[in-house]
Amino acid sequence: MKILAVNCGSSSLKFKMYEMPEEKVLISGLFERIGEKMSSYTIKLDNDKYSKEIELPDHKVAFEILVDELKKNKIIKKLDEIKGIGHRIVQGGDYFDKTVIADDDAVTKISELATLAPLHNKAAVTGINAAKEVIPGALETVTFDTAFHQTIEPVNYMYAVPYEWYTKYKVRKYGAHGTSHKYIASRLNALLGRTNTKLITCHIGSGASVSAIKDGICMDTSMGLTPNAGLIMGTRCGDVDTSILTYMMQKEDISPKEMDNILNKKSGLLGISGVSNDSRDIEEGIQKGNERCVLAQKMYVQKIIDYIAMYYFEMGGVDAIAFSAGVGENSIRTRIDIMEGLSVLGIVPDYEANNCRGEEKLVTTTESKVPCYVIPTDEEIMIARDNYNLAK
């Protein structure tokens with residue numbers, strides 16, 4: 001059965017097609033700058049990769065070209081061979097604790113929740129509607145980044161603000177990256193050979209979050225009502241004293257919308273370093289002696305250590321820690337900095353093993369009291385699995 005896993009952004013469409021249940025990747029690709037000038041797409045097939053610049057006025061055209069590429073590359077002969085399309089949705093609120101069929105009710109709720117994830121949820125609805133037009137015979141499902149975190153107890157998801165904010169406006173922690181954290185936890189359990197585990201999973205990329213997972217159930221996570229809570233990220237500030245916001249709004253005559261833009265797009269690594277939101281550029285700046293890059297890296301790492309330590313005590317220990325996503329999988333330096341900062345827990349890095357990028361690997365020594373792994377995340381396979389289970 002051929003299943004498409006799709007992640008639609010406001011101007012992008014990322015996809016992977018699987019043969020299920022074998023979970024074989026048949027083709028993958030990315031459409032970029034949809035609705036903008038200089039739009040293009042890239043296709044990956046086996047060991048080949050090619051790109052093409054082409055006008056992409058909207059997501060519907062992108063899906064049409066995607067179908068043409070599937071036929072051209074002999075992945076399908078007829079449209080009805082595509083049995084399912086699974087969409088990634090960032091915000092599911094407290095409506096959804098699992099993947100569901102993308103019926104009218106689900107799409108309405110996703111649109112309603114766009115106030116909590118305006119860029120992501122609106123784009124996802126656009127993608128769902130475009131896919132239904134172009135591939136009407138496929139079963140469309142929606143997989144939510146927030147679903148895995150719905151097991152978190154009120155003591156961890158509530159904020160100490162007027163309770164009516166929760167009852168009237170649903171102000172609470174929802175988290176994000178849940179699909180990734182669920183995958184990472186499943187891989188860790190497979191490596192440990194058991195499911196009665198206490199795990200800390202670190203999805204560290206441009207957006208970043210840490211989760212505490214006990215016996216496969218999420219106990220806590222670092223992101224909050226929106227993805228701008230918790231860790232320092234590429235351009236997001238993470239946890240901050242809220243009084244700073246009103247103070248600076250008065251000092252600089254900043255509107256709420258402008259402040260939201262500053263906290264989400266001009267803060268984090270970019271705000272501290274003044275150089276870049278990319279961890280690779282920060283590391284290059286450190287090599288050149290840029291003190292602000294040094295400070296940005298130290299702050300970035302320290303916040304991750306803080307959350308790992310907090311979840312260690314919250315769960316009463318940990319059986320394994322995993323690093324994943326863009327920085328977690330590829331930044332040798334960041335992983336070392338984190339593990340060395342956790343030496344009090346008996347963590348001993350294996351410096352030779354840690355000299356790796358993008359591969360599943362144990363990066364601590366046999367003497368380490370807590371094993372640490374690099375686990376490349378695979379949100380797409382989780383989306384495809386859920387779609388397949390609903391479609392079969």
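The structure contained in this document is the topic of the report that follows.

Reading guide: rules and limits
- Residues numbered from 1 in each chain as written.
- Predicted model: local features only at pLDDT ≥ 70, side-chain atom pairs only at ≥ 80, totals over all residues.
- Heavy atoms only, no water.
- Axes fitted to C-alpha atoms, helices over the stretch in contact; angles between N-to-C directions.
- Helix = DSSP H or I, 4+ residues; strand = E, 2+ residues; numbered from the N terminus.
- Parallel < 35°, antiparallel > 145°, perpendicular 65-115°, else oblique.
- Left-handed = near helix turned anticlockwise from the far one by under 90°.
- Contact = heavy atoms within 4.5 Å.
- Nonpolar A, V, L, I, M, F, W, Y, C, P; charged D, E, K, R; others polar.
- Phe/Tyr/Trp six-rings, centres within 6.5 Å; stacked < 30°, edge-to-face > 60°.
- Buried < 20%, exposed > 50% of the residue type's maximum accessible area, 1.4 Å probe, protein only.
- Lys NZ or Arg CZ within 6 Å of the ring centre and 35° of its normal.
- Pairing = 2+ DSSP bridges.
- Polar contact = N/O pair within 3.5 Å; in protein donor to acceptor, adjacent residues only side chain to side chain.
- Core = buried A, V, L, I, M, F, W, Y, C linked by side-chain atoms within 4.5 Å.
- Salt bridge = Lys/Arg side-chain N within 4 Å of Asp/Glu carboxyl O.

1. Description of the packing of helix α10 (residues 279-287) against helix α11 (residues 291-315)
Helix packing geometry: the angle between the two helix axes and the distance between the axes. Where α10 meets α11, the axes come as close as 7 Å, and the angle between the chain directions of the two elements is 130°. Comparing their axes, α11 and α10 come out oblique. The way α10 lies across α11 gives a crossing that is left-handed. Along the contact surface, α10 presents Ile282, Gly285 and Ile286, while α11 presents Cys293, Val294 and Gln297. In terms of residue class, the contact of α10 with α11 is made up of four nonpolar, two polar and no charged.

2. Describing the packing of aromatic side chains
Scanning the model with the defined rule gives eight aromatic pairs in all. Judged by centre distance (6.3 Å) and plane angle (40°), the ring pair of Phe15 and Phe31 falls under tilted. With Phe15 in strand β2 (residues 12-19) and Phe31 in strand β3 (residues 24-32), the pair connects residues that are 16 residues apart, well separated along the chain. For Phe31, a relative accessible area of 0% corresponds to the buried category. Considering the side-chain rings of Tyr307 and Tyr311, the 5.8 Å spacing of their centres and the 65° angle between planes classify their relative orientation as edge-to-face. Residue Tyr307 and its partner Tyr311 are both found in helix α11; the two are separated by four residues, about one turn of the helix. Of the two residues, Tyr307 and Tyr311, neither departs from the other in class, the shared state being buried. Following the ring pairs from residue to residue traces out a cluster consisting of Phe15, Phe31 and Tyr41. Positioned over the ring face of Tyr95 is Lys109, at 5.3 Å from the centre of the ring. Above the face of the Tyr157 ring, Arg172 is positioned so that its terminal group lies 3.7 Å from the ring centre.

3. Structural notes on the sheet that holds β3
If you walk across this open sheet you meet the eight strands as β5-β4-β3-β2-β1-β6-β8-β7, and the pairing is mixed. A single partner strand is all that each edge strand has here, and the edge strands are β5 (48-53) and β7 (100-101). Both β7 and strand β8 (residues 139-144) contribute to a ladder of two bridges, which runs antiparallel. Counted as the bridge partner of Val100 is Val142 from β8. Here helix α1 (residues 59-72) sits on the sheet in contact with β1 (2-9), β2, β3, β4 (40-45), β5 and β6 (82-89), set at roughly 35° to β2.

4. Comments concerning the environment of Gly289
Tracing the sequence through the fold places Gly289 in the loop between α10 and α11. In this structure Gly289 comes out as partly exposed when scored by relative accessible area, which is 48%. Distance from Gly289 to Leu245, taken between C-alpha atoms, is 31 Å for residues 44 residues apart in sequence.

5. Observations regarding the side chain of Thr179
With respect to the helices and strands, the residue Thr179 is situated in helix α6 (residues 178-192). For Thr179, the side chain forms a polar contact with the side chain of Asp145, separated by 3.4 Å.

6. Re the environment of Leu269
On the secondary structure map, Leu269 appears in helix α9 (residues 268-273). A sequence separation of 27 residues divides Leu269 from Ala296, and the C-alpha atoms of the two residues are 5.7 Å apart. With near-sequence residues (within four places) excluded, Leu269 lies in contact with Ile232, Met233, Gly234, Gly274, Ser276, Asn277, Ser279, Ile282, Ala296 and Tyr300.

7. Some remarks on the nonpolar core
Counting 39 residues, the largest nonpolar core has Ile200, Ile204, Ile308, Ile321 and Ile338 as the members making the most contacts within it. Of all the elements in the fold, those that place two or more residues in this core are β9 (198-204), β10 (208-214), α10, α11, β12 (320-324), α13 (332-341) and β14 (372-374). Element by element, the count of residues in this core is highest for α11, at 10 residues. Sequence-distant contacts of Ile321, that is, excluding residues within four places in its chain, are made with Leu188, Ile200, Cys202, Ile308, Leu342, Ile347, Val370, Pro371, Cys372 and Tyr373. Within the second largest apolar cluster, 29 residues are counted, among which are Cys8, Met17, Ile27 and Ala130.

8. Regarding the pattern of salt bridges
For the structure on display, the rule yields 16 salt bridges. The residue Asp220 makes a salt bridge to Lys173 at a minimum N-O spacing of 2.8 Å. Here Asp220 is found in strand β11 (residues 217-221), whereas its partner Lys173 is found in the loop between α5 (163-169) and α6, with 47 residues between them in sequence. Just as Asp220 is buried, Lys173 falls in that class too. Close ionic contact of Arg333 with Asp337 constitutes a salt bridge, the shortest N to O distance being 3.6 Å. Remark: Asp337 and Arg333 occur in helix α13; sequence separation between them is four residues, near one turn of the helix. Shared partners join several salt bridges into a network, and the residues in it are Lys2, Glu19 and Glu81.

9. Quick notes on the pairing of β11
One ladder, built from four bridges, connects β10 with β11; its direction is antiparallel. Counterpart to Ile213 in the pairing with β11 is Cys218. Between β10 and β11, which pair antiparallel and follow one another directly, the connecting turn spans two residues, one of which, Asp215, has a positive phi of 55°.

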